[in-house]
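For reference, the chains in residue letters:
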Amino acid sequence: MVSPVFELDPVFELDPIVIQLTDEQFEELCRNNRDLRFEQTASGDLIIMPPTGWGTGNRNSELTYQVQAWSRTTKTGKAFDSSTGFTLPNGAKRSPDAAWVRQERLDELQPDPNKFLPLAPDFAIELRSATDNLQTLRNKMKEYIAVGVRLGWLIDPQTKQVEIYRPDRPVEMLQSPQQLSGEDVLPGFMLDLKAIWG
């Protein structure tokens, strides 16, 4: 059963509508409503996210640009922006703000480029916008790690704080870092945060 989860504004409330969506119906819903971003939790809750303000859009573009530039140089995988859907192993359908997948995983799977990627990315970034609930984002990051993401960054421009998520390790909190290392997941990648904090 699918019930909408609205996290846009605490005053905005709708009675839950209970429907069941197949994977194909969910993808069609996304295609037919391109001005909105949809995610679906593992339990079937539908999450509708509005477009962001221009500040978040610009920061998100910067994140995607940096990951893509590194990925293009190394040719070790593919970078993805927030419009890419991932069907995670637990059934959740998520769209990280930026993500990266090793090329050998894509080659082995040979996924349909017109469908959501049926895997967890190796690396994922979530960028907190003014309307995002921090605990909801933290739960999403924990979910990413639980389903196989090897490195995740939760970046909060409001507090200039970064939370680093890795398997089998406690969350690392950094205050106002200027750079982040891709570690052994993205060897040689350094995210420059000056434009994000700007």
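Here, the structure is the one placed above.
Position labels on residues start from 1 in each chain and follow its written sequence. pLDDT decides what is reported in this predicted model: residues at 70 or higher carry local features, side-chain atom pairs at 80 or more are listed and counted, and totals for whole chains, interfaces and linings draw on all residues regardless. Side-chain descriptors were evaluated using all non-hydrogen atoms of the structure, hydrogens and water having been removed beforehand.

Caption draft 1: How the structure looks around the sheet that holds strand 9 (residues 151–156). Pairing between strands is defined by DSSP: at least two bridges between the two strands are required. Helix numbering and strand numbering both begin at the N terminus, where a helix is a DSSP run of H or I of at least 4 residues and a strand a DSSP run of E of at least 2. Strand order in the open sheet formed by 6 strands is 4-7-8-9-10-11, and the pairing between neighbours is mixed. Across the chains shown, the open sheet's two edge strands, defined by having one partner strand only, are strand 4 (77–81) and strand 11 (172–175). Adjacent strand axes in the sheet meet at a mean angle of 15° when their direction is disregarded. Bridge count between strand 4 and strand 7 (residues 98–102): 5 bridges; the pairing is antiparallel. Its bridge partner being in strand 7, Ala-79 is matched across the sheet by Trp-100. For this analysis, residues touch if any pair of their heavy atoms sits within 4.5 Å. Angles here are taken between N-to-C directions and fall from 0 to 180 degrees, while the axes themselves are lines fitted to C-alpha atoms, restricted in helices to the stretch in contact. The sheet contacts of helix 4 (residues 134–146) involve strand 8 (123–127), strand 9, strand 10 (161–165) and strand 11, and relative to strand 9 the element is tilted by about 170°.

Caption draft 2: Spotlight on the nonpolar core. In this description, a nonpolar core means a group of buried Ala, Val, Leu, Ile, Met, Phe, Trp, Tyr and Cys residues linked to one another through side-chain atoms lying within 4.5 Å. Think of it in three bands: residues with accessible area under 20% of the maximum for their type are buried, residues over 50% are exposed, and the middle band is partly exposed, with areas taken using a 1.4 Å probe on protein chains only. Residues Phe-123, Ile-125, Trp-153, Ile-155, Leu-186, Leu-191 and Leu-193 are the most contacted members of the largest nonpolar core, which totals 22 residues. Within the residue set of this core, elements represented by two or more residues are helix 2 (54–74), strand 7, strand 8, strand 9, strand 10 and helix 5 (194–197). Non-local contacts of Leu-191, meaning those with residues more than four positions away in its chain, are made with Leu-63, Gln-66, Trp-153, Ile-155, Gln-178, Gln-179 and Leu-180. Within the second largest apolar cluster, 20 residues are counted, among which are Phe-86, Val-101, Ala-120 and Met-141.

Caption draft 3: Inspection of the side chain of Glu-163 at higher detail. Mapping Glu-163 onto the fold places it in strand 10. A relative accessible area of 3% places Glu-163 in the buried class. Setting aside chain neighbours within four positions, we find Glu-163 in contact with Arg-138, Gly-152, Trp-153, Leu-154, Val-171, Glu-172 and Met-173.

Caption draft 4: Focus on the pairing of strand 9. When you tally the buried positions in strand 9, you get 6 out of 6 residues, the bulk of the element. Burial of strand 9 is two-sided: the residues Leu-151, Trp-153 and Ile-155 facing one way and the residues Gly-152, Leu-154 and Asp-156 facing the other way are all buried. Here 5 bridges tie strand 8 to strand 9, and the two strands are oriented parallel to one another. Across the sheet, Ala-124 pairs through a bridge with Gly-152, a residue of strand 9. Read as a crossover between parallel neighbours, the route from strand 8 over helix 4 to strand 9 is right-handed. Counted between consecutive antiparallel strands, the loop separating strand 9 from strand 10 contains 4 residues, among which Lys-160 sits at a positive phi close to 55°. With its strands directed away from the observer, a crossover is right-handed exactly when the path from the first strand over the helix to the second travels clockwise.

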